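Fold and contact review
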Amino acid sequence: MRTAIPITSRPLDLIYFAFFLVHIPATLLIDLQALYPPSLTPYFIRALPQLYVQMSNDPLIGSVLGMLGDSQPFVWFKTFLAVEALFQLPVFVLGARGLWRDSRSIYVLLLIYAASTTTTTLPCLSVLMTTPTTSAQTITDKVVSVTTSQRFLLLSSYIPFFMIPFIMTIDMASRLSKLVTTGIDAANDKKSS
């Protein structure tokens, strides 16, 4: 049996571990509010995404929460939030635990999570990049728009949620490939002896 290497000696795993720990409260307190019944959500928790949308004018969160007009065009994003609740949130807990324990058995789940998250975050980045820049015309026409500083804020918060899973996808695929190769080599050695 191999000896576990401390997480502080595994820089990428430490980043993934911190990412999962930070993601848990962000998911529960902001992202999933679109799925919670408002009558069962305490006011101070409902106020968090309201403050966030006032600051950022996030067209995704603001729309699914009904703060920026009709949420119907964003039903796809609400579906992504359901995936976040049912699949990603448990992975945050299991992934953090597996990484902490240096368990290689978590690699498959992390690869699936990372590839899925990279895929679902890319359309969100596309929405942020194509949301109109606030102008006199967008204000007059009541079009959801963002200022340059809001776009910078949004991209600086969404890009890490794309890049870390993207890097994790490549990293976990590489780790699994090495484990499979090692297993195949061991099986071949056993057959030939």
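Report follows, based on the coordinates. These numbers were taken from a predicted model, which means no experiment stands behind them. (Residues numbered from 1 in each chain as written. Predicted model: local features only at pLDDT ≥ 70, side-chain atom pairs only at ≥ 80, totals over all residues. Heavy atoms only, no water.)

1. Re unusual backbone geometry
Rules: Where helices and strands are cited, they refer to DSSP runs of H or I of at least four residues and of E of at least two residues respectively, numbered from the N terminus. Under the scheme applied here, a residue whose accessible area is under 20% of the maximum for its type counts as buried, over 50% as exposed, and between as partly exposed, the area being computed with a 1.4 Å probe on protein chains only.
Backbone geometry at Asp102 places phi at a positive 60°, although glycine is not the residue there. Within the secondary structure layout, Asp102 lies in the loop between α4 (75-100) and α5 (107-130). For Asp102, a relative accessible area of 8% corresponds to the buried category. The backbone of Lys142 sits at a positive phi, close to 55°, despite the residue not being glycine. For Lys142, the position within the fold is in the loop between α6 (136-140) and α7 (148-192).

2. Details of the environment of Thr134
Defined as follows: Between two residues, a contact is recorded if the distance between any of their heavy atoms is within 4.5 Å. Pairs of N or O atoms are called polar contacts if they sit within 3.5 Å, as long as, within protein, a hydrogen donor faces a hydrogen acceptor (for residues adjacent in sequence, only side-chain-to-side-chain pairs).
Mapped onto the elements of the fold, Thr134 is located in the loop between α5 and α6. Under the relative-accessibility criterion, Thr134 is labelled partly exposed at 28%. Considered as a pair, Thr134 and Pro25 are 109 residues apart in the sequence and their alpha carbons are 30 Å apart. In this structure Thr134 touches Ile139, Ser145, Val146 and Thr147, once residues within four positions along its chain are discounted. A polar atom in the side chain of Thr134 sits 2.9 Å from the side chain of Ser145.

3. Examining the packing of aromatic side chains
How we decide: When two rings of Phe, Tyr or Trp (its six-membered ring) have centres within 6.5 Å they constitute a pair, described as stacked for plane angles under 30 degrees, edge-to-face for angles over 60, and tilted for the intermediate range. Ring-over charges, as used throughout, are those where CZ of Arg or NZ of Lys falls within 6 Å of the ring centre and within 35 degrees of the ring normal.
Tallied over the entire structure, the rule returns 10 aromatic pairs. Relative to Phe20, the ring of Phe19 has its centre 5.9 Å away and its plane inclined at 55°; by these criteria the two rings are tilted. According to the relative accessible area criterion, Phe19 is buried, its value standing at 6%. Taken together, a centroid distance of 6.2 Å and an interplanar angle of 40° make the contact between Phe74 and Trp76 tilted. Positioned above the aromatic ring of Tyr107 is the side chain of Arg175, whose terminal nitrogen or guanidinium carbon lies 5.0 Å from the ring centre.

4. Brief notes about the nonpolar core
Where a protein is soluble and globular, its nonpolar side chains tend to be buried together. The cut-off we apply is this: For the purposes of this section, nonpolar cores are sets of buried Ala, Val, Leu, Ile, Met, Phe, Trp, Tyr and Cys residues that join through side-chain atoms within 4.5 Å.
Within the largest apolar cluster, 20 residues are counted, with the highest numbers of intra-cluster contacts made by Tyr16, Phe20, Leu99, Leu110, Tyr113, Met168 and Met172. Listing elements by their share of this core, those giving two or more residues are α1 (11-29), α4, α5 and α7. No other element matches α4, which puts 5 residues into this core. Setting aside chain neighbours within four positions, we find Leu99 in contact with Ile7, Arg10, Asp13, Tyr16, Phe17, Phe20, Ile106 and Leu110. Within the second largest apolar cluster, 19 residues are counted, among which are Ile30, Val53, Val127 and Phe162.

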